[in-house]
Amino acid sequence: MEPWWISLIKAAIIVNLVMVAFAYLTWLERKGLGRLQNRYGPNRAGPFGLLQPIADLVKLVRKEAFSPSSAIEIPYILAPVISMFTALAAFSVIPWGSGWKIYHWQVTGEVVNVPISLLLIFALGSIGIYGFIIGGWASESKFSLLGSMRTCAQLVSYEVSLALSVLGVVILGRSLSLVDIVHRQGVTLPFVIPQFFGLLVFFFAGIAETSRAPFDLPEAEQELVAGYHTEYSGMRWGLFQTAEYINLITLSGLMVTLFFSGWHGPWNLGPIWFVLKLLGVLFAFIWLRATLPRLRYDQLMRFGWKVLLPVATLNALVTAIIVAAT
Amino acid sequence: MNDFAKVPGYVSTTEAYGETTVVVERGRIREACTFARDELGFAMLSDLVATDYLDWAGKGVSGYIGTTAGRDLNMPMTQGLQALPEAKPARFSLSYHLLALRQGAPRLRLQCWLEDGDTVDSVVSVWPAADWLEREQFDLMGIRFDGHPNLARLLMDDDWEGHPLRKDYPLGGEPVRFSSAE
Amino acid sequence: MTATLPHVGRARRWPMVGDPIYEGSRIPKRVPTIVDVPAALRETDDVLQVNFGPNHPSTHGVLRLIVDLDGEKVVGLSAVIGYLHTGFEKNMEQKTWWKAITYPERIDYVGYQNNELVFVLAIEKLLELEVPEKATWMRMLMCELNRIHSHLVFLGTSALELGAISMFWYCFRERETILDLFELVAGQRMHTRYFQAGGLAEDIPAGFYPEARSFVERMPHALDDYLTLLDRNKIWLERTQGVGLLSADDAIALGQSGPVLRASGVDWDLRRDDPYLAYDQVDFRVPVYNGGDVYDRYRVRMDEMAESTQIVRQCIDRLERMEGEPWIADDRKVVLPPREELHTSMESLIHHFKIVTEGYRVPAGEIYVAIESPRGESGCYVVSDGGPRPWRVHFRAPSFAALQATATCAQGSLIADLIAIVGSLDAVMGDTDR
Amino acid sequence: MADDGPTRLRDYGLQSERLLWPTKGPSKFEEELGVEELERALGITTLDKAVRWAQTKSMWPDTFGLACCAIEMMSIVGSRYDLARFGMEAFRSSPRQADLLIVSGRVAHKMAAPLRQIYDQMLEPKWVIAMGACASSGGMFNNYAILQGVDRIVPVDIYIPFCPPRPEALMEGIIRLHEAHLAGIPPAYERKEVAT
């Protein structure tokens, strides 16, 4: 067991790493979309546009702080903070290495190893949704309200499938702890092979959970202007964006952990494998965004309840039966 | 040509530039439109346009006319202040451009004449397409249509004064100064 | 011939020679231009009234839709237009005929060549001018390029509105090549003012044909790309098929034209049924679909792009054999004299001076000219009193007619459909408001 | 440097001020800015410079398409011109998150109120580009319907002539705006007065 202050240091490192990862994810997305659309993407701010996220950040911070006169002040200000906090907190249980021995302390590859870390991630995710809902509701704008309604419906519906889709992994991994699941995959094989349908459901539900295209209805720019964050500006808006992207990173990390055996790989590269796999998953998200049109509300609901949910349930059942039989 | 004589409220027919213009009485325009649609097969109202002839032929038109036929400068009517356009029966004309979806795309212009303040029956019940077209003419020309479901301004602001396309409405805008002296 | 287009789940019928043309409609019922909220619903608190526009990302400019929503469902809809009313018709009355040619392009700023053409044709009809053959064919080429351009803008923006963002870039890539051709010909990317009364403003520049040909070679492949990206995409089909239905009768009653009318199953194209320019001398087919939904409108435009490419190819073939022929009528009362004559001929100088300062005179009369613009029947009603200025100019705007159909199409749809419907009607607000 | 001759913007590093007539006095723009104002505004610190750099590198436009120019404004996002290189591809549809209002096209009197509202909804710092002849001065539409220049209702930073401006022209306008901001020139709402 490591002393508490090591966890603290690791938390600080992880938070900063995740923030940097978020910043460069936006850069990657803009560059990636640019390449997929026959153009360069940002390249004026620093070499290859690498300073672009910094410029964005500074600009957002220096933007006038503002709240609409009709907004309900406290929830309006609190909403982005909630989203941001839960997004950052959720990453703490994702293991990104096997652990190292530094001096005479055994340092593990995650901030904390909670026995029920999977449940914790889902719980934090669910709380984070409140941030989006409250934010849209408190800004007292019709477009925000519509965006909130969509967030509410979409995220709640897809949460079910998301949770069910990992049931198979939990059964195979025989634990709710992400660390145990990763270890188990290191011993046996990545769960993507036995749990392929689980992965598919997880992937689709994950896109919906993070409101990415083609499930980006809550902030469908062409329909609802900007959805729940229509009335937000400056860094408050920035916090929402950060929360969304960190959720995306967390979800991709979770996917790597659950299905692609986390940091395991040939030549024991540890965190490097984790990052590479993470990048691969993130690129899939960007690719989808560049390619697919957006679903309609009723189609989204139909897909969630009539396709994903039965598949996820069946997948869990079949896995359970096979595991019980062998 | 005989067909058109049967149009309710028929007044006259003119053929010019390959186009047929049938003038009908102002009060019977809706009947005429219904007849044209149902009996003559002009299924579509493609356009509705009002023209203000205020001060038409009020001043002579000078100079030569630039047709291939009018190139002889010594001919009368090609030079000087001579050409006066023929007078019109009333201030406003209202032209309904009808189109039949048939071989050759036959077109018909139903026209009626009205003075300022006269109203004309709405043809929204004949062609729903007339809804906005009539509102536009009301907005820009000030022609009132009886029986229109919602005769409000369409293009200009609701509180706009006057009807901009009338000839007595100034062009508006602002004088432009090019010198720095002002 | 163009590459074969894959068709998904829809019968296609090309009209044959001798096919009966649509006989018209008796307007069976009242077609609304406004959707009213049901009285029972208005009483409750469930209706949320939202203002889409005038500044909204997907209203194609400054259209304002007042939408009553019951949840995601559109229960009430009325359109407010006029936010781009520019007073073209009034301004054109103040300009001489040849200066007024500059204005129509700005009316429909996506299909500018066609709008320019309709006004020039109106002047020529009043003047009874003979236009040289080369000019006619070049006009046709430019108009068809412009049609492709317009449909590309439609495709890019409406795909963007449905969330397929990359289509925008792919469509604008081809659009840039078309604009290059325009620039090569006229020196301007948009609003070329290349058509004069009597012909063209300038001769076709050297090097135009190879450039145009390479575009013609490339366009079918680009179309294939678009089809691959959209037509084989389940989400795209789901979003567009069966959405925004407009029956043939309603379309005729609402005065629809162009792709909207053809997507509703009415086989009508002025280029074929009332040929102007030299459309009776080129081979092309008129795509007609029967569904009357957003998907069919998109398909009609896709097929039209392929057909227009073929027309452009035929125009190039024809024009290449007309090297050295005149590009503008030789009528010094209307047409500016050649530049080099100004230095040697007194008469030319006078003509030039008269045309530029006072303008040419057009015989008195009233006419209505209609052509098939990318958006449908673009008409121009012109009254002349025989003077150097038009007495009255009025444009029959296809977008104006198309927008009237919004309410009919949007009955019982969701917000997301509304966006698709407004996009599919392809209204240009400049055209609507004038 | 103000000793020998009047203060010019190019003395402060605004490179793109055209130097065709070096001995000419201050331009209209510089007069409008005022020499004292200029001195004050240009006394910027390093931190200020960094912030200004960030603001120019991430100046997000609002999607405010009006007429013909809007089509060219769209093409500047297209792959040939690619505004994304300047970090500006994030066309925001909510004015709250936008920094730059490109008024692209003619503004009818009916549209003036919405335009002003959009401008007021944007948060400082904010900039306005009047794109095209119509937005700058009414252009060829000197009539009852069109506002003769949007500078009547919103303070304009950059005017771009032409009808419609080529994407390159718009890009030059944007780059000049960037340069002016980097050189320390305050946004137009601090310099100009408009009727409210």
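Residues numbered from 1 in each chain as written. Chains lettered and ligands numbered in written order. Predicted model: local features only at pLDDT ≥ 70, side-chain atom pairs only at ≥ 80, totals over all residues. Heavy atoms only, no water.

Undergrad: Break down helix α3 (residues 130-141) of chain B for me, with residues and values.
TA: Residues and elements named next belong to chain B. The terminal C-alpha atoms of α3, which comprises 12 residues, lie 15 Å apart, in line with the 16 Å expected from a rise of 1.5 Å per residue. For α3, the tally of buried residues reaches 12 of 12 residues, placing the bulk of the element in the interior. Every buried residue belonging to α3 is among A130, D131, W132, L133, E134, R135, E136, Q137, F138, D139, L140 and M141, and all of these are buried. At the C-terminal side of α3, G142 shows a positive phi close to 75°. (Helix = DSSP H or I, 4+ residues; strand = E, 2+ residues; numbered from the N terminus. Expected span 1.5 Å × (residues − 1). Buried < 20%, exposed > 50% of the residue type's maximum accessible area, 1.4 Å probe, protein only.)

Undergrad: I'd like a description of the confidence of the model for chain C, backed by residues and values.
TA: Of the residues in chain C, 92% have a pLDDT of 70 or more, and the chain-wide mean is 83. Note on residues 1-28 of chain C: pLDDT is under 50 here. Beyond four places in sequence and across chains, it has 64 contacts. (pLDDT = per-residue confidence, 0-100. Contact = heavy atoms within 4.5 Å.)

Undergrad: Can you explain the environment of N247 of chain A? Please cite residues and give values.
TA: Structurally, N247 of chain A can be placed in helix α10 (residues 234-259). Beyond its immediate sequence surroundings of up to four residues, N247 of chain A is in contact with A87, F132 and T210 of chain A.

Undergrad: Before we move on, can you summarise unusual backbone geometry with the specific residues and values?
TA: Cis geometry is found at the peptide bond from E124 of chain D to P125 of chain D, where omega equals -5°. On the secondary structure map, P125 of chain D appears in the loop between α5 (109-121) and β3 (127-131). A cis geometry characterises the amide bond from C163 of chain D onward to P164 of chain D, with omega recorded as -15°. Considering the arrangement of structural elements, one finds P164 of chain D in the loop between β4 (158-160) and α7 (167-182). Look at S211 of chain A: it is not a glycine, yet its phi comes out positive at around 50°. Position of S211 of chain A relative to the elements: it lies in the loop between α8 (196-209) and α9 (221-224). In this model, L277 of chain C sits at a positive phi of 45°, which is unusual for a non-glycine residue.

Undergrad: Can you lay out the interface of chain A and chain D for me, pointing to particular residues and giving the numbers?
TA: Many analyses report the size of an interface as the accessible area lost when the parts associate. Facing 29 residues of chain A, the contacting portion of chain D comprises 28 residues. In total, chain A and chain D occlude about 2,600 Å² of area from one another, counting both sides; carbon and sulfur atoms represent 54% of this. Our enumeration of links across chain A and chain D arrives at four salt bridges. If you look at where chain A meets chain D, you find 18 residue pairs in polar contact (both at pLDDT 80 or more). A total of six residues in the side of chain A that touches chain D trace back to one element, the largest contributor, which is helix α2 (residues 52-62) of chain A. (Buried area = accessible area lost by both parts, 1.4 Å probe. Salt bridge = Lys/Arg side-chain N within 4 Å of Asp/Glu carboxyl O. Polar contact = N/O pair within 3.5 Å; in protein donor to acceptor, adjacent residues only side chain to side chain.)

Undergrad: Could you give an account of the sheet that holds strand β1 (residues 10-16) of chain B, with specific residues and numbers?
TA: All names here are of chain B. Reading across the sheet, the five strands line up as β1-β2-β5-β4-β3 and stay open at both edges, with mixed pairing between neighbours. Whereas interior strands pair on both sides, the edge strands pair on one side only; in this sheet they are β1 and β3 (44-52). Here the average twist between neighbouring strands, direction ignored, is 20°. Examined bridge by bridge, β1 and strand β2 (residues 19-24) share six bridges and lie antiparallel to one another. Across the sheet, A16 pairs through a bridge with E19, a residue of β2. Packing of α3 onto the sheet brings it into contact with β3 and β4 (92-99), and relative to β3 it is tilted by some 10°. (Pairing = 2+ DSSP bridges. Axes fitted to C-alpha atoms, helices over the stretch in contact; angles between N-to-C directions.)

Undergrad: Which residues make up the packing of aromatic side chains, and what values do they have?
TA: By convention here, two paired aromatic rings are described through the distance between centres and the angle between planes. According to the stated counting rule, one finds 34 aromatic pairs over all chains in the structure shown. Summarising the aromatic geometry, the rings of F196 of chain A and F197 of chain A are spaced 6.2 Å apart at their centres and angled 70° between planes, so their arrangement reads as edge-to-face. By relative accessible area, F197 of chain A is classed as exposed at 52%. Relative to Y279 of chain C, the ring of Y276 of chain C lies with its centre 5.1 Å away and its plane at 70°, an arrangement referred to as edge-to-face. (Phe/Tyr/Trp six-rings, centres within 6.5 Å; stacked < 30°, edge-to-face > 60°.)

Undergrad: Let's hear about the sheet that holds strand β1 (residues 61-62) of chain D: which residues, and what values?
TA: The strands that make up a sheet are held in pairs by hydrogen bonds between backbone atoms, and each pair lies either parallel or antiparallel. Residue and element names in this part refer to chain D. Taken together, four strands build an open sheet; the order of strands is β1-β2-β3-β4 and the sheet is parallel. Edge positions in the sheet fall to β1 and β4, since each of these pairs with one other strand and no more. For β3 and β4, the ladder comprises three bridges, and the chain directions are parallel. Looking across to β4, one finds that A130 is bridged to Y159. Running at roughly 165° to strand β2 (residues 100-104), α5 makes contact with β1, β2 and β3 of the sheet.

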